[in-house]
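# Structural characterization, general
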Amino acid sequence: MEVLAALNLGDIAQVFSKMGMFPVFDVAYYIVSILYLKYEPGSVEVSRRSPVASWLCAMLYCFGSYILADILLGSSPIDYFQHNSHILLASAVWYLVFYCPLNLFYKCVAFLPVKLVLVALKEVVRTRKIAAGVHHAHHAYHHGLFIMVIVGYVKGSGVALISNFEQLLRGVWRPDTNEILNMSFPTKASLYGAILFTLQESHWLPVAKSTLILIFTLFMATSKVVMTARHSHGSPFALIESWVCHLLFGSPLGGSEEDHHHAPAAAPSSPLKTKEELSEGARKRKAKKAE
Amino acid sequence: MEVLAALNLGDIAQVFSKMGMFPVFDVAYYIVSILYLKYEPGSVEVSRRSPVASWLCAMLYCFGSYILADILLGSSPIDYFQHNSHILLASAVWYLVFYCPLNLFYKCVAFLPVKLVLVALKEVVRTRKIAAGVHHAHHAYHHGLFIMVIVGYVKGSGVALISNFEQLLRGVWRPDTNEILNMSFPTKASLYGAILFTLQESHWLPVAKSTLILIFTLFMATSKVVMTARHSHGSPFALIESWVCHLLFGSPLGGSEEDHHHAPAAAPSSPLKTKEELSEGARKRKAKKAE
Amino acid sequence: MEVLAALNLGDIAQVFSKMGMFPVFDVAYYIVSILYLKYEPGSVEVSRRSPVASWLCAMLYCFGSYILADILLGSSPIDYFQHNSHILLASAVWYLVFYCPLNLFYKCVAFLPVKLVLVALKEVVRTRKIAAGVHHAHHAYHHGLFIMVIVGYVKGSGVALISNFEQLLRGVWRPDTNEILNMSFPTKASLYGAILFTLQESHWLPVAKSTLILIFTLFMATSKVVMTARHSHGSPFALIESWVCHLLFGSPLGGSEEDHHHAPAAAPSSPLKTKEELSEGARKRKAKKAE
């Protein structure tokens, strides 16, 4: 603790929270997002048959959070597309991931050590987006606590929340599950993050925003890097959630995640896993087979 | 008539149309709406597995009309969520209906005499919403008759019009029917009400708005109370509609409702009933079994 | 070329690009659009069972491009519905096409020589819409090249881009295909047209806008008239596209269209053809049978 104080945590947080995201962090965000798109079963085939559909999906993966937040705040959903350089960069990443000769680019960025760095960088962008979303909503609705949480949430979760419709664009339809019914770790963390940043923005959480950004970024980056390295999808929140849900909502103990694997009553909706539930290994094998 | 004149109908209508809806009428609206959500098959299970999805559905049931009208008029869809007290109230009702110990709250409000009062109060709110929707649209588009009707219509019908997507949130997908294809009584009445209020707003119907509100409220409340008490879903418009549709659109006589029960041609789309077509008794039994 | 010069091409283009579309061209647009709606399997039955759903679909067919462009630019989706005369005209066409005694109106406008004229007039409107869409987007986002292309594209393609949801309104759900995955000729041409008009608007294409409108209109009208007359759905772009896609995206040679008919890998998604892929003859037969 004294070491931290000597390092002057506040100053580090300040510098960190002012750091520009473009282009390094944004590129990492685009690469990891489009990598996840390529892991989706059938996406490689779509990229061959209909490049326009594949490009649209890639844009949804990269900019879904902006699109959703703009819709929720009543702006133009394609407002972010005025930033030509960002779109061109994301399009270049999309092209390299899907069409690079010998699949070289994909092999490089999917190489675990490289990927772990990229995943960490992506979480930096995610935290910033949540904070920016809450701030933006606060600007539009000064006392709209619910609006702040919702906008921060969609800024953090992005395309996951509309994955049903993103899949529909690729000709896939899985109505029996969605990201709200079976929340993955990033979506849950975005929700909790949005609540924290909303409390901070409305002065109920006595902490500087830059400090909160630093702490939340560290938590998210660590969690995601560990989970990616271990091909795991267990959530660090599982135990607390399981107890809170049991007390408040009468959910059976053992957590909602475990529950719907064991309980036969919920069986009809479990065979189709959500995007993030599929083990990364399985997805990579699928993606490789599809090449 | 002389009695009505002696009572000074105009004054009563004036007072009635100025009466505040918050919180008594609004709470009744929330209770009845979330009661209908609980009647939906599978909704109790969703409330155990994913409280967030259940809460979102409840918000759609309570505020779907505002969300839809805001979308249609180009505002932020979550604009209404700035009213924290309304959201908190609706959330409290949602919590009590779904998670109250011993299911006490649900048993109280689903008790027929209580429910009839609540249903009547809900119709008061519905009529107000239609009138407000038409007025709002008139403000934005002075000569937009179609826009007034459409906005009034969605303000009256609310979540029913997007029930396909509300169900999707709970993992249910029934593409072969929707509220436009098989309109229930409240949806039809909202359409006719929106047309009446539009005619009034554009001075083609020579009647005071407060009087129209009073009369339409009485009609809606009476109809819904009688229908709820008798577990009936026949529409008072059936006879006139059947003749008008026969003359204008060549629909077979007997009404579209009866028709698609008897005609084998329409059979593929009839097994799945719309929300409001299911008898209330059946829904209650299902809801109780799900407990 | 000398003849063209003598005719003073620039002046003709100027006059042509200033020509009013209402009501002659617009009526042709409405007639052809609603004709295509009537060709859709099941649409006649829907028009009998639920005139409201049928009318809504007709409005989507006629004004889908305005609705989509308004959504994308953050305006009210029903903004265009303030033009009462256009809505009434389209509604009259809808009524005549679906409910005219003895099906007289339908027989007249579906008579090939009449239809060819109407199809040509429709393409005049389509080109104007693309140009207007690009111009409108340019006005809102001066450097938003992507936004201009997207808005011009949706203005040209209209309801085709949301055909999944238009079908859902009629109780039909075909998730395994959509207009982006399997683009029809008008959709593709709209995309290329939107790119051309965007290049013109941002002064990268050294040609007057009126000239571009004239040339693109002539190309579209000729192509569609020839295709309608020959009941063909081959695209004039097929050869170039096939080579470009092969070089850029590694698509197998032979074109994406042919490919997904021959390749067994794509078979699961091919049985359900897109709207425009069904031969017109087959659609007419279906429409007649449904009478």
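Residues numbered from 1 in each chain as written. Chains lettered and ligands numbered in written order. Predicted model: local features only at pLDDT ≥ 70, side-chain atom pairs only at ≥ 80, totals over all residues. Heavy atoms only, no water.

### Brief notes about the overall build of chain A
Along its length, chain A carries 15 helices and zero strands. Per-residue burial over chain A gives 58% buried out of 291 residues. Once local pairs closer than 6 in sequence are excluded, the contacts in chain A between residues at least 24 apart make up 73%. In the form shown here, chain A has an accessible surface area of approximately 12300 Å², with 71% of it arising from carbon and sulfur atoms. (Helix = DSSP H or I, 4+ residues; strand = E, 2+ residues; numbered from the N terminus. Buried < 20%, exposed > 50% of the residue type's maximum accessible area, 1.4 Å probe, protein only. Contact = heavy atoms within 4.5 Å. Areas by Shrake-Rupley, 256 points an atom, 1.4 Å probe, with all protein chains shown as cover.)

### Observations concerning the interface of chain A and chain C
How large an interface is tends to be reported as the accessible area lost when its parts come together. Taken together, the contact pairs 32 residues of chain A with 33 residues of chain C. Summing the contributions of chain A and of chain C, the shared interface buries around 2500 Å²; its carbon and sulfur component is 67%. Together, A:Arg49, A:Ile78 and A:Leu168 form the three largest contributors to the area buried by chain A at its contact with chain C, with a combined 27%. Counting every contact that joins chain A to chain C gives zero salt bridges. The interface formed by chain A and chain C holds nine residue pairs in polar contact (both at pLDDT 80 or more) in total. Looking at the side of chain A that touches chain C, the elements that each hand over two or more residues are α4 (43-49), α5 (51-72), α6 (84-99) and α10 (163-169) of chain A. Here the element with the most residues in the side of chain A that touches chain C is α6(A); it accounts for six residues. In the side of chain A that touches chain C, the residues fall into 19 nonpolar, eight polar and five charged. (Buried area = accessible area lost by both parts, 1.4 Å probe. Salt bridge = Lys/Arg side-chain N within 4 Å of Asp/Glu carboxyl O. Polar contact = N/O pair within 3.5 Å; in protein donor to acceptor, adjacent residues only side chain to side chain. Nonpolar A, V, L, I, M, F, W, Y, C, P; charged D, E, K, R; others polar.)

### Let's talk about the packing of helix α3 (residues 24-39) of chain B against helix α6 (residues 84-99) of chain B
All names here are of chain B. At their nearest, the axes of α3 and α6 sit 9 Å apart, and the two run at 40 degrees to each other. The angle between α3 and α6 places the two elements in the oblique class. By crossing handedness, the relation of α3 to α6 is classed as right-handed. Here Asp 26, Val 27, Tyr 30, Ile 31, Ile 34, Leu 37 and Lys 38 of α3 lie close against α6, whose contacting residues are His 86, Leu 89, Ala 90, Val 93, Trp 94, Val 97 and Phe 98. Residue classes in the contact of α3 with α6 are distributed as 11 nonpolar, one polar and two charged. (Axes fitted to C-alpha atoms, helices over the stretch in contact; angles between N-to-C directions. Parallel < 35°, antiparallel > 145°, perpendicular 65-115°, else oblique. Left-handed = near helix turned anticlockwise from the far one by under 90°.)

### Section: the interface of chain A and chain B
Of the residues lining the interface, 33 residues belong to chain A; the matching set on chain B comes to 32 residues. When residues of chain A are sorted by the area they lose upon contact with chain B, A:Phe146, A:Leu181 and A:Phe249 head the list and together hold 27% of the total. Our enumeration of links across chain A and chain B arrives at zero salt bridges. Our enumeration of links across chain A and chain B arrives at eight residue pairs in polar contact (both at pLDDT 80 or more). Among the secondary structure elements, those contributing two or more residues to the side of chain A that touches chain B are α5, α9 (145-157), α10, α13 (238-249) and α14 (255-262) of chain A. With five residues, the single largest contributor to the side of chain A that touches chain B is α9(A). In the side of chain A that touches chain B, the residues fall into 20 nonpolar, 11 polar and two charged.

### Digging into the side chain of A:Ser223
Looking at the secondary structure, you find A:Ser223 in helix α12 (residues 209-229). If we skip the residues at most four places from it in the chain, A:Ser223 touches A:Phe185 and A:Pro236.

### Thoughts on the relation of the copies chain A and chain C
Between chain A and chain C, which share one sequence, the superposing operator has a rotation angle of 120 degrees and an axial displacement of 0.0 Å; the RMSD is 0.0 Å. On this basis, the relationship between the two copies can be described by a three-fold rotation axis. Closest to the rotation axis within chain A is the C-alpha of A:Gly74, separated from it by 3.8 Å. Mapped onto chain C, only 9% of the interface residues of chain A again fall at the interface, so the copies present different surfaces. (Least-squares fit on C-alpha atoms with pLDDT ≥ 70 in both.)

### Observations concerning the nonpolar core
Of all hydrophobic cores here, the largest spans 238 residues; its most connected members are A:Phe63, A:Phe81, B:Phe63, B:Phe81, C:Phe63 and C:Phe81. In this view, C:Phe63 contacts C:Tyr30, C:Tyr80, C:His86, C:Ile87 and C:Ala90; residues no more than four positions away in its chain are not counted. In terms of nonpolar packing, the next biggest core, distinct from the first, is built from six residues, A:Leu168, A:Trp173, B:Leu168 and C:Leu168 among them. (Core = buried A, V, L, I, M, F, W, Y, C linked by side-chain atoms within 4.5 Å.)

### Brief notes about a nonpolar patch on the surface
Taken together, the side chains of A:Leu239, A:Ile240, A:Trp243, A:Val244, A:Leu247, A:Leu248 and A:Leu253 present a nonpolar region at the surface, about 750 Å² in accessible area. By secondary structure assignment, the location of A:Ile240 is in helix α13. (Patch = residues over 30% accessible without salt bridge, like charges linked within 9 Å, V, L, I, M, F, W, Y side chains within 5 Å.)

### Re helix α6 (residues 84-99) of chain C
Residues spaced three or four apart along an α-helix face the same direction, because each turn holds 3.6 residues. Between its terminal C-alpha atoms α6(C) stretches 21 Å, which fits the 22 Å expected from 16 residues at 1.5 Å a residue. Those residues of α6(C) lying buried are C:Asn84, C:His86, C:Ile87, C:Ala90, C:Ser91, C:Val93, C:Trp94, C:Val97, C:Phe98 and C:Tyr99. Among the structural elements, α9 (145-157) and α13 (238-249) of chain B together with α3 (24-39), α4 (43-49), α5 (51-72) and α7 (104-109) of chain C are those in contact with the buried residues of α6(C). (Expected span 1.5 Å × (residues − 1).)

### What about the packing of α9(A) against helix α11 (residues 185-201) of chain A?
All names here are of chain A. The interhelical angle for the contact between α9 and α11, taken along N-to-C directions, is 140 degrees, at an axis separation of 8 Å. Classified by the angle between their axes, α9 and α11 sit oblique to one another. Between α9 and α11 lies a crossing of right-handed hand. Between α9, through Leu 145, Met 148, Val 149, Gly 152, Tyr 153, Gly 156 and Ser 157, and α11, the contact on the second element is made entirely by Thr 187, Ser 190, Leu 191, Ala 194, Ile 195, Thr 198 and Glu 201. The class makeup of the residues in the contact of α9 with α11 is seven nonpolar, six polar and one charged.

### Topic: the layout of surface pockets
All names here are of chain C. Here the second largest pocket is characterised by a volume of approximately 490 Å³. Arg 128, Lys 129, Ala 132, Gly 133 and Lys 155 are the residues nearest the centre of the second largest pocket, which is lined by 26 residues in total. For the lining of the second largest pocket, the elements supplying multiple residues, two or more each, are α2 (9-18), α5, α8 (112-140), α9 (145-157) and α12 (209-229). (1 Å grid on protein atoms, 1.4 Å probe; cavity = no way out; pocket = protein on both sides within 12 Å on 5 of 7 lines; lining within 4 Å. Points joined across faces, edges and corners; volume = space filled by probe spheres on them.)

### Quick word on the packing of aromatic side chains
All names here are of chain C. Using the criterion set out here, one finds 66 aromatic pairs over all chains in the structure. Measuring from ring centre to ring centre gives 6.0 Å for Phe 63 and Phe 81, while their planes differ by 65 degrees; the resulting arrangement is edge-to-face. Highlighted residues: Phe 63 in helix α5 and Phe 81 in the loop between α5 and α6, separated in sequence by 18 residues. With respect to burial, Phe 63 and Phe 81 carry one shared label: buried. (Phe/Tyr/Trp six-rings, centres within 6.5 Å; stacked < 30°, edge-to-face > 60°.)

### Re helix α11 (residues 185-201) of chain C
Residues and elements named next belong to chain C. Over its 17 residues, α11 runs 24 Å from end to end, which matches the ideal 24 Å to within 8%, given 1.5 Å per residue. Across the 17 residues that make up α11, a large majority, 13, are buried. Where α11 terminates, the next one or two residues include His 203, which has phi positive at roughly 60 degrees.

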